[in-house]
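Fold and geometry: a report
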Amino acid sequence: MVKLQFRHGTTAQWAASNPTLALGEPGINTTNNEFKIGDGSTPWTSATPTYAPYSFLTNAPRGIVAVGAVYDPVPTIAANVYMTPILQYTFDPTRRYRSIYRLRALAGAPGGGTGGTFQFWMVNARASDAQVGADHITSADASFYSGCIAEWLFTFNGLADLRIKTSTFFSGTTTTAYGGEWYIEDVGKI
Amino acid sequence: MTRVQVRRGPSTMWTASNPILAAGEPGLDMTTGLLKIGDGVTAWNSLASQWAPASLVESAPRGVVAIGTAIDGVVIAAANSTYMTGYLTYVFDPKRRYRIIFVIRALTAGTINFQLINQPTGTTNVNDQWFSSDRSYNGSTFSWLLPQMSGSYSLGVRIAGTYTAGITVYGRDYYLEDVGAYS
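Residues numbered from 1 in each chain as written. Chains lettered and ligands numbered in written order. Predicted model: local features only at pLDDT ≥ 70, side-chain atom pairs only at ≥ 80, totals over all residues. Heavy atoms only, no water.

Here we come to the pattern of salt bridges. In total, this model carries twelve salt bridges over all chains according to the counting rule given. One salt bridge in this structure joins Arg95 of chain A and Asp186 of chain A, with 2.5 Å as the shortest N-O distance. Separated by 91 residues along the polypeptide, Arg95 of chain A in strand 7 (residues 95–104) and Asp186 of chain A in strand 12 (residues 178–189) bring together distant segments of the chain. The pair Arg95 of chain A / Asp186 of chain A is uniform in exposure class, with both members buried. Among the charged side chains, a salt-bridge network with shared partners connects Arg98 and Glu185 of chain A together with Arg99 and Glu177 of chain B. (Salt bridge = Lys/Arg side-chain N within 4 Å of Asp/Glu carboxyl O. Helix = DSSP H or I, 4+ residues; strand = E, 2+ residues; numbered from the N terminus. Buried < 20%, exposed > 50% of the residue type's maximum accessible area, 1.4 Å probe, protein only.)

Structure follows, in structure tokens:
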């Protein structure tokens, strides 16, 4: 049986000879996995098109991978009240993720007071609502009638039931808030 | 010498003839640069491309490429000297666009502005402008789309402009995103 091999060489070998590949003739650089198809006129070092190793694609961000539901309005707020239903997703530990949750204006001063501060956690309901990420990220409301974004950059291994809740720190006792949107973005391989 | 050449043709030829490539047989669309490998069953027009031109892949965003350290619990002493973050050092490719993001949570009080600084010089405002200000008791996300940069820079976020001395600010995520190549 005849073994078919593409024309190949190291970076140094290709640079030294700098051949012109025939139209449609493939060539592989074994140093960096660069893969070129000749056009019959362009020498190797300036030849196009080139093909990227598959690993390049696996490293790239994949954009929004999960969209969660939000409560609109959120049930009456107290500390440790959930701001969203559960969003289930299986995370790849080799990739990095970003969660973005937008909250629109609160309906009034918390507890009938003059203003308030809200902080949010993202937690995993499958693990006793342990917070996801190294620390709880908070985004507080300036007083009332104010929107905000709670944003986390995080990694996680495996299946999670995520939801966002208020932390124990806020002013006032009750108020009404309106959820805008909540989604998870894949921002690339670690 | 025997030369091996991939089965090839312009898009119009492939679309018109719509052949079934043998299993493992490569076919090259010379118009788009897409490369397909046959499975012996699927006709060309329905066959997925296994390879994309590197130019397409390289123009795509690469996502978060560097993570810096946010300083949590910074007490503001003076404007233009207090940093909210450690150094984030990265070697920038002038062919690509970058965005830097810094998230803070609630302040204890006060109003301040933030500025993205090239730390080694301590004076160069990377984007040559003042950035978002923060209201009292308000968390924020600051996002800077960077100007075209080449080579190594160490960037940090500092407090500038209007502020209330003595207030405490809490930093969270600080990171650099590659958002794609310049077209």
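Take the sheet that holds strand 1 (residues 7–9) of chain B next. Residues and elements named next belong to chain B. Spatially, the three strands line up as an open sheet ordered 1-2-3, and their pairing is mixed. For this open sheet the edge positions go to strand 1 and strand 3 (35–37), each flanked by a neighbour on one side alone. The average angle at which neighbouring strand axes cross in this sheet is 20°, direction not considered. (Pairing = 2+ DSSP bridges. Axes fitted to C-alpha atoms, helices over the stretch in contact; angles between N-to-C directions.)

Turning to the sheet that holds strand 9 (residues 130–131) of chain A, a few remarks are in order. Residues and elements named next belong to chain A. Taken together, four strands build an open sheet; the order of strands is 6-11-8-9 and the sheet is antiparallel. The sheet terminates laterally at strand 6 (87–91) and strand 9, the two strands that pair on one side only. With five bridges connecting them, strand 8 (residues 120–124) and strand 11 (residues 158–166) associate as antiparallel partners. Residue pairing across strands places Trp121 opposite Lys165, the latter belonging to strand 11.

Let's shift gears to the side chain of Thr42 of chain A. Residues and elements named next belong to chain A. Residue placement: Thr42 occurs in the loop between strand 3 (34–37) and strand 4 (50–51). Polar contacts involving the side chain of Thr42 include one to the side chain of Asp39, which spans 2.7 Å. Apart from residues no more than four positions distant in its own chain, Thr42 is found in contact with Pro19, Thr20, Leu21 and Ala47. (Polar contact = N/O pair within 3.5 Å; in protein donor to acceptor, adjacent residues only side chain to side chain. Contact = heavy atoms within 4.5 Å.)

So, about the packing of aromatic side chains. One pass over the full model with this rule turns up 15 aromatic pairs over all chains. Ring centres 4.8 Å apart and planes at 70° place the aromatic pair Tyr89 of chain A and Phe91 of chain A in the edge-to-face group. Its relative accessible area of 2% is what places Phe91 of chain A among the buried residues. Here Phe91 of chain A and Tyr97 of chain A contribute two aromatic rings whose centre-to-centre distance is 4.8 Å and whose plane-to-plane angle is 85°, an arrangement assigned as edge-to-face. A single burial state applies to Phe91 of chain A and to Tyr97 of chain A, both of which are buried. Above the plane of the ring of Trp44 of chain A lies Lys36 of chain A, whose end atom (NZ or CZ) is 4.5 Å from the centre. If you follow Lys36 of chain B out to its NZ or CZ, it ends over the ring of Trp44 of chain B, 4.4 Å from the centre. (Phe/Tyr/Trp six-rings, centres within 6.5 Å; stacked < 30°, edge-to-face > 60°. Lys NZ or Arg CZ within 6 Å of the ring centre and 35° of its normal.)

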